[in-house]
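Spelled out, the chains give:
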Amino acid sequence: GVSASTNDPNAISSIIPGWFSEISPMWPGEAHSLKVEKILFEGKSEYQNVMVFQSSTYGKVLVLDGVIQLTERDECAYQEMITHLPLCSIPNPKKVLVIGGGDGGVLREVARHNSVEKIDICEIDKMVVDVSKQFFPDVAVGYEDKRVTLHIGDGVAFLKAVPQGTYDAVIVDSSDPIGPAQELFEKPFFESIARALIPGGVVCTQAESIWLHMHIIEDIVANCRHIFKGSVNYAWTTVPTYPSGMIGFMLCSTEGPSVDFKHPVNPIDSEISAKPLKFYNSELHTAAFCLPSFAKKAIGSK
Ligand code: SAM
């Protein structure tokens, strides 16, 4: 290809030397790029390619199969929202299940809730856990909490074996639906989640971008309306290093005590904590459910 350092202003370089570009059929025709200082790790697990690099402006970056999973600078926006949107919406979460989330960041956030007695995590790829412990200690710190039990395995199979009515909350921190996470976006998986929850229990799943994946979101919403007899809502947050700069969440509750996701009943007091929240607060919680008009039209709300 043509070098980016060429003086020809019309030259187009597909790969800029020294930059990581996130090219994927999930977002055809665009690719966010970060300047690379140093590649710190490259490996291939049973499930995916795993890479860690030092970027020049976002700290260390974890990449799976060429897709950015987290950066040190903006991971708070994702981990805090995917965790506290569900857990601050119910009065007294006790048992929580995390599917995916091998980096440990969601565990770190769940552990802030004093009412929680048990945290299970089912991550398919042990390499993600090991790499996170080695390169992202401020994220993997979640594993140090005594309430956490790590299960290495497929989240789909794990949930099928969970006795009915076990968890107050399930958080699905998955990668995109190309690769090992594909089934985590399909109807049978959502049915297993509903079964695993107590009445009035909640689920929050990674639900892609309204700019890029409206068809995926509409399918998820349709499935969830069938399966979850409580409330079904879509929320979103900004994450600069995710494709289109944002990511959405599907939040649903099972039949039982009603859950009004837009009005948190279990606020988390960050000021008194030694490690204050960087992103989440109660105002953002409510605002996260306000959708742009085009998305509101496609998704609707219940
Ligand atoms: N927490 C992150 C962040 O800050 O954006 C990103 C997502 S996390 C790294 C996604 C995880 O889901 C990956 O570690 C991947 O291995 C895991 N995963 C994918 N498919 C899975 C499955 N079927 N069961 C369990 N975990 C799965």
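Keep in mind the model is a prediction, meaning the values are calculated, not measured.

1. What about the overall build of the chain?
Here comes step 1: Of regular secondary structure, the chain possesses 9 helices and 12 strands.
Here comes step 2: Relative to the globule expectation of 19 Å for 302 residues, the C-alpha radius of gyration of the chain, 19 Å, shows essentially globular dimensions.
Here comes step 3: With the C-alpha coordinates of the chain rotated into their principal frame, the extents come out at 65 × 45 × 40 Å.
Here comes step 4: Residues counted as buried form 54% of the 302 residues belonging to the chain.
Here comes step 5: Of all intrachain contacts in the chain linking residues separated by at least 6 positions in sequence, the fraction that spans at least 24 positions is 67%.
Here comes step 6: When the accessible surface of the chain is summed, it comes to about 13600 Å², and 54% of that surface belongs to carbon and sulfur atoms.

2. Notes on the UniProt feature "domain: PABS" (unreviewed entry) in the chain
Here comes step 1: Taking the numbering used here, the UniProt-annotated feature "domain: PABS" (unreviewed entry) corresponds to residues 17–254.
Here comes step 2: Secondary structure across residues 17–254 divides into 26% helix and 34% strand, with the first and last C-alpha atoms of the span separated by 50 Å.

3. Comments concerning the sheet that holds strand β1 (residues 19–21)
Here comes step 1: The strand order across the open sheet built from 5 strands is β1-β2-β3-β4-β5, with neighbouring strands paired in antiparallel fashion. Each edge of the open sheet carries a strand with a single partner, namely β1 and β5 (67–71). Pairs of neighbouring strands in the sheet enclose a mean axial angle of 40 degrees, with direction left out of account.
Here comes step 2: As paired strands, strand β4 (residues 60–64) and β5 are joined by 4 bridges and run antiparallel to one another. Looking at the pairing, Val63 lines up with Ile68 of β5.
Here comes step 3: Its contacts with the sheet place helix α3 (residues 126–135) against β2 (33–44), β3 (49–55) and β4, and it is angled at close to 125 degrees to β2.

4. Structural notes on the state of the cysteines
Here comes step 1: In total, this model carries 0 disulfides according to the counting rule given.
Here comes step 2: For Cys252, which is in no disulfide, the shortest distance to another cysteine sulfur is to Cys224 and amounts to 3.7 Å.
Here comes step 3: Assessed through its relative accessible area of 1%, Cys252 is described here as buried.

5. Some points on the UniProt feature "active site" (unreviewed entry) in the chain
Here comes step 1: Following the UniProt record, the feature "active site" (unreviewed entry) maps to Asp173 here.
Here comes step 2: When you line up the elements, Asp173 lands in strand β9 (residues 167–173).
Here comes step 3: The residues touching Asp173, leaving out its near neighbours within four places in the chain, are Tyr78, Gln79, Ile82, Ile99, Gly100, Gly101, Asp103 and Val106.
Here comes step 4: Looking at Asp173, its side chain comes within polar contact range of the side chain of Tyr78, at 2.6 Å.

6. Section: α3
Here comes step 1: Residues of α3 that are buried include every one of Val128, Val129, Val131, Ser132 and Phe135, and no others.
Here comes step 2: In this structure, the buried side of α3 is in contact with β2, β3, β4, β7 (118–123), α4 (137–140) and β8 (148–152).
Here comes step 3: Capping the start of α3, Asp125 holds a side-chain oxygen 3.0 Å from the backbone nitrogen of Met127, two or three residues further along.

7. Considerations on helix α7 (residues 214–227)
Here comes step 1: In this model α7 runs 20 Å from its N-terminal to its C-terminal C-alpha over 14 residues, within 8% of the 20 Å that 1.5 Å per residue would give.
Here comes step 2: For α7, the set of buried residues is Met214, Ile216, Ile217, Ile220, Val221, Asn223, Cys224 and Ile227.
Here comes step 3: Elements that come into contact with the buried residues of α7 comprise α6 (187–196), β11 (232–238), β12 (246–253) and α9 (293–299).

8. Digging into the packing of aromatic side chains
Here comes step 1: Scanning the entire structure with this criterion turns up 7 aromatic pairs.
Here comes step 2: Between the aromatic rings of Tyr78 and Tyr242, the centroid separation amounts to 5.5 Å while the plane-to-plane angle is 80 degrees, which identifies the pairing as edge-to-face. Of this pair, Tyr78 sits in helix α1 (residues 75–87) while Tyr242 sits in the loop between β11 and β12, and the two are 164 residues apart along the sequence. Across the pair, exposure class does not vary: Tyr78 and Tyr242 are buried alike.
Here comes step 3: For the ring pair Phe261 and Phe289, a centre distance of 6.5 Å and an interplane angle of 25 degrees mean the geometry is stacked. Residue Phe261 is found in the loop between β12 and α8 (282–287), and its partner Phe289 is found in the loop between α8 and α9; the two are separated by 28 residues along the sequence.

9. Here we look at the environment of Asn92
Here comes step 1: With respect to the helices and strands, Asn92 occurs in the loop between α1 and β6 (95–100).
Here comes step 2: What makes Asn92 partly exposed here is its relative accessible area of 41%.
Here comes step 3: Remark: the alpha-carbon pair of Asn92 and Val116, spanning 24 residues in sequence, is separated by 7.7 Å.
Here comes step 4: The contact partners of Asn92, leaving out residues within four places of it in the chain, are Ser115 and Asp168.

About the criteria used
- For every chain, the first residue of the written sequence is number 1, and numbering continues from 1 along that sequence.
- Residues qualify for local features only when their pLDDT is at least 70, as the model is predicted, and side-chain atom pairs are given and counted only at 80 or more; totals for whole chains, interfaces and linings, by contrast, use all residues.
- With hydrogens and water stripped out, all remaining heavy atoms of the structure feed into the side-chain values.
- Runs of H or I in DSSP of at least four residues are treated as helices and runs of E of at least two as strands, each being numbered from the N terminus.
- Just to be clear, the radius of gyration here is over C-alpha atoms, and the globule rule we use is 2.2 Å times residues to the power 0.38.
- Per-residue accessibility, obtained with a 1.4 Å probe over protein chains only, is compared with the maximum for each type, and a residue is labelled buried under 20%, exposed over 50%, and partly exposed between these values.
- Only heavy atoms enter the contact rule, under which two residues are in contact if any of them lie within 4.5 Å.
- Method for areas: the Shrake-Rupley scheme with a 1.4 Å probe, in which residue coverage is limited to the protein chains shown.
- UniProt positions are given in the numbering used here, feature names are shortened, and annotations may be inferred rather than shown by experiment.
- A pair of strands is labelled paired if DSSP reports no fewer than 2 bridges between them.
- Axis lines are fitted through C-alpha atoms, for helices just across the contact stretch, and the angle between N-to-C directions can take any value from 0 to 180 degrees.
- We call a pair of cysteine sulfur atoms a disulfide whenever their separation is within 2.5 Å.
- Under this definition, polar contacts are N or O atom pairs within 3.5 Å; protein pairs additionally need one hydrogen-donor-capable and one acceptor-capable atom, and for neighbouring residues in sequence, both atoms have to be side-chain atoms.
- By definition here, a helix of n residues has an expected span of 1.5 Å times n minus one.
- Stacked, tilted and edge-to-face pairs are distinguished by plane angle, under 30 degrees for stacked and over 60 for edge-to-face with tilted covering the rest, among Phe, Tyr and Trp rings (Trp via its six-membered ring) whose centres lie within 6.5 Å.

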